[in-house]
Amino acid sequence: MTRSTADIRRAFIEYFNKHGHQAVPSSSLVPHDDPTLLFTNAGMNQFKDCFLGAEKRSYTRAVSSQRCVRAGGKHNDLENVGYTARHHTFFEMLGNFSFGDYFKEQAINFAWNFLTKELGLSEEKLLVTIYHEDDEAFDIWHQKVGLPADKIIRIATSDNFWSMGDTGPCGPCSEIFYDHGAHIWGGPPGSPEEDGDRFIEIWNLVFMQFNRQADGTMEDLPKPSIDTGMGLERISAILQNVHSNYEIDLFERLIKAAAQIVGSDDLNNKSLRVIADHIRSCSFLICDGVMPSNEGRGYVLRRIIRRAVRHGYQLGCSQVFFYQLVSQLVAEMGEAYPELSEQQAVIEKVLKVEEEQFANTLDRGMSILNQALETLEGKQVPGDLAFKLYDTYGFPVDLTNDVAREKGLTVDEDGFEKAMQKQKEMAQSASKFGADYANVVKVEQDTAFSGYDALSASAQVI
Ligand code: ATP
Ligand code: MG
Ligand code: MG
Ligand code: MG
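Predicted, not measured: the structure shown is a model, and the values here were computed from it.

Student: Looking at this structure, how should I read the side chain of His87?
Tutor: Its place among the elements puts His87 in the loop between β2 (61–69) and β3 (90–98). For His87, a relative accessible area of 11% corresponds to the buried category. Here the side chain of His87 touches Thr84 through a polar contact of 2.9 Å, side chain to side chain. In contact with His87, other than residues within four places in its own chain, are Asp77, Asn80, Val81, Arg234 and Tyr246.

Student: Looking at this structure, how should I read the packing of aromatic side chains?
Tutor: Each aromatic ring pair is characterised by the separation of its centres together with the angle its planes make. Across all of its chains, the model carries 26 aromatic pairs by this definition. Seen from their ring centres, Phe47 and Phe99 are 5.3 Å apart, and the 50° between their planes marks the pair as tilted. Of the two residues, Phe47 is situated in the loop between β1 (22–23) and α2 (48–52) and Phe99 in the loop between β3 and α3 (104–118); the sequence distance between them amounts to 52 residues. In terms of burial, Phe47 and Phe99 fall into one category: buried. In textbook terms, an aromatic cluster arises when at least three aromatic residues are bridged by ring pairs, as seen for Phe12, Tyr15, Phe16, Tyr102, Phe110, Phe114 and Trp203.

Student: In this structure, what is going on with the confidence of the model for the protein? I would like to understand it.
Tutor: Keep in mind that low pLDDT regions are not for reading the predicted coordinates in detail. The predicted model of the protein has a mean per-residue pLDDT of 91, with 92% of residues at 70 or higher. Low confidence marks residues 438–462, where pLDDT is under 50. Its contacts with residues over four positions away, or in another chain, come to 43 contacts.

Student: In this structure, what is going on with the site of ligand 1? I would like to understand it.
Tutor: Every one of the 16 residues lining ligand 1 counts as a neighbour, but Asp77, Arg86, His87, Glu201 and Asn204 are closest to it. Coverage of ligand 1 by the protein amounts to 86% of the 590 Å² it exposes when considered alone. Taken together, the elements giving at least two residues each to the shell around ligand 1 come down to β3, β8 (199–212) and β9 (218–231). At four residues, β8 tops the list of elements feeding residues into the shell around ligand 1. Classifying every residue of the shell around ligand 1 gives five nonpolar, five polar and six charged.

Student: Got a minute to help me understand the state of the cysteines in this structure?
Tutor: Such a bond, covalent and formed between the sulfur atoms of two cysteines, is termed a disulfide. A full pass over the atoms with the stated rule returns zero disulfides. Among the cysteines around Cys173, which has no disulfide bond, Cys170 carries the closest sulfur, lying 10 Å off. Lacking any disulfide linkage, Cys317 is separated from the closest cysteine sulfur, that of Cys282, by 16 Å. According to the relative accessible area criterion, Cys317 is buried, its value standing at 9%.

Student: Please explain the pattern of salt bridges as it appears in this structure.
Tutor: Tallied over the entire structure, the rule returns 27 salt bridges. Two residues, Arg154 and Asp135, come together in a salt bridge whose shortest N-O distance is 2.9 Å. With a gap of 19 residues between them, Arg154 in strand β5 (residues 152–155) and Asp135 in helix α4 (residues 135–145) connect regions that are remote in the sequence. By relative accessible area, Arg154 is classed as partly exposed at 37%.

Student: Honestly, the environment of Pro169 in this entry has me stumped. Any pointers?
Tutor: Tracing the sequence through the fold places Pro169 in strand β7 (residues 168–179). With sequence-adjacent residues up to four places away left out, Pro169 is seen in contact with Phe51, Leu52, Trp162, Ser163, Met164, Met208, Phe210, Asn211 and Leu221.

Student: I keep staring at helix α9 (residues 326–333) and nothing clicks. Help me out?
Tutor: Each turn of an α-helix holds 3.6 residues, which means side chains three or four residues apart point in the same direction. Buried within α9 we find Val326, Leu329, Val330, Glu332 and Met333. Down the axis, α9 shows its buried residues gathered within 160° of arc, on one side only. Summarising the contacts, the buried residues of α9 are in contact with α1 (5–18), β3, α6 (249–262), α7 (270–287), α10 (338–342) and α11 (344–374).

Student: Even after reading the chapter, I still don't get the pairing of β2, so can you show me in this structure?
Tutor: Counting buried positions over the nine residues of β2 gives nine, a clear majority of the element. Burial along β2 is two-sided: the face carrying Arg61, Val63, Ser65, Arg67 and Val69 and the face carrying Ala62, Ser64, Gln66 and Cys68 are both buried. In this sheet, β2 lies alongside β1 in parallel orientation, the contact comprising two bridges. The residue of β2 that forms the bridge with Gln22 is Ala62. Two elements, β2 and β3, share nine bridges in a ladder whose sense is antiparallel. Its bridge partner lying in β3, Val63 is registered against Asn96.

Student: Looking at this structure, I do not really get the packing of α3 against α4. What am I missing?
Tutor: Two quantities define a packed helix pair, namely the angle between the axes and the distance from one axis to the other. Interhelical geometry of α3 versus α4 gives an angle of 50° and a closest axis separation of 10 Å. Here α3 is positioned oblique relative to α4, judged by the angle of their axes. Handedness of the crossing formed by α3 with α4: right-handed. Where α3 approaches α4, its residues Lys104, Glu105, Ile108, Asn109 and Trp112 are matched on the opposing element by Glu136, Ala137, Ile140, Trp141, Lys144 and Val145. Its residues placed into classes, the contact of α3 with α4 shows six nonpolar, one polar and four charged.

Student: Looking at this structure, I do not really get the packing of α11 against helix α13 (residues 397–406). What am I missing?
Tutor: Where α11 meets α13, the axes come as close as 12 Å, and the angle between the chain directions of the two elements is 45°. If you check the angle between α11 and α13, you find them oblique. Classified by chirality, the crossing of α13 by α11 is right-handed. Between α11 and α13, the residues in contact are Phe358, Met366, Leu369 and Leu373 and Leu399, Thr400 and Val403, respectively.

Basis of the calculations
Residues numbered from 1 in each chain as written. Chains lettered and ligands numbered in written order. Predicted model: local features only at pLDDT ≥ 70, side-chain atom pairs only at ≥ 80, totals over all residues. Heavy atoms only, no water. Helix = DSSP H or I, 4+ residues; strand = E, 2+ residues; numbered from the N terminus. Buried < 20%, exposed > 50% of the residue type's maximum accessible area, 1.4 Å probe, protein only. Polar contact = N/O pair within 3.5 Å; in protein donor to acceptor, adjacent residues only side chain to side chain. Contact = heavy atoms within 4.5 Å. Phe/Tyr/Trp six-rings, centres within 6.5 Å; stacked < 30°, edge-to-face > 60°. pLDDT = per-residue confidence, 0-100. Near = heavy atom within 4 Å. Areas by Shrake-Rupley, 256 points an atom, 1.4 Å probe, with all protein chains shown as cover. Nonpolar A, V, L, I, M, F, W, Y, C, P; charged D, E, K, R; others polar. Disulfide = S-S within 2.5 Å. Salt bridge = Lys/Arg side-chain N within 4 Å of Asp/Glu carboxyl O. Arc of directions from axis to C-beta. Pairing = 2+ DSSP bridges. Axes fitted to C-alpha atoms, helices over the stretch in contact; angles between N-to-C directions. Parallel < 35°, antiparallel > 145°, perpendicular 65-115°, else oblique. Left-handed = near helix turned anticlockwise from the far one by under 90°.

Here it is, written out as structure tokens:
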């Protein structure tokens, strides 16, 4: 029997709760006191100060299912959506944490027992990576857990060495991978084919054991800590006997709903997967108070909405559709995230206005782009054209890139930047695409936040 995504989320929390972990609700996608971070992108974000020792809580073990967005910023999976079986812009990260309580051996044991005993995964399908110098982790996996040596892969890159910043807590990680079978292209981690989707990383165990000093030296942390993260959708895929995250229960229903709304009957269409992915990130971002705008977080949101709308257009949909998916999303996730249900009307309104506005220029912009692509010489969409689409038709450059990529082309982004610069110098108005959301809904703004300038660099916002 397969297990539902909701059931797996519950089982994870219960398992760690039973082992002395305090269940902590997911924090907002907008980090509260960290202007260096665009969006919450891991379960540990809300516990940062606990790891640094700057904050003491009444518990030393915690468990959570954290909503995360990886679109823009240090971790950006926006370009992966629609292309890999395992990446979303929005996903849930299941995590167990030890703040100076248990360490490496127990963390490995918890993870292994949860996967193989609680969830019943077959041991033969699992393999792990460790940081190449971490002999302690090797011994635990090999001697205590009993994993054969050829299933423990030593990795020398930063993929297996985690750090919070240039200084401060850091340490090696060990990642658990699942082999989806030889019929899928890809190789084990560390091999030339590792980017394929045969061996999918499911769980990252971070062993925070050093404190890196400004001069680069590593001191042992007096009380080492544990931070782990497992993608809920990835573990669901395994337990539901499917390969892609986009085939799990929740996505199957979202994709069906999307197909119905846009009037498509090709359920395997990539555009439907993109739309189903994007409705989650967009809805949760609005739920957490982000509004579409031309800068910072709001611009990332606007870009994702416009990409989704473009994919609906690609499927031949000529009506405003995206907001209509919110009710299906609420049906899927409203129980686990009551704030989503509470904000449903706001989310729908914001999405509707944003889509209506873009719909006015999308068709015209797409015909200009398509015409240009037909007569294009070479493999690169000229920067001037990408800029015209941006400036006159509201096409974020990544959207133009998304269209180009489908045809095996790229966009001359340097040329785009130059055209943008030229226009700035001519001191024309920055954009004609601002919506007045104050008239649509009254949304509480996060007045404490003042980091857009700091953010724009990492968000690659234009
Ligand atoms: P990958 O190498 O597959 O991109 P990652 O190493 O970037 O994953 P981590 O930063 O280690 O991922 O995050 C911990 C876990 O969160 C991963 O093991 C994976 O299960 C899940 N995860 C990470 N990124 C995504 C994503 N974009 N969509 C869905 N799940 C994700
Ligand atoms: Mg990644
Ligand atoms: Mg990885
Ligand atoms: Mg990882």
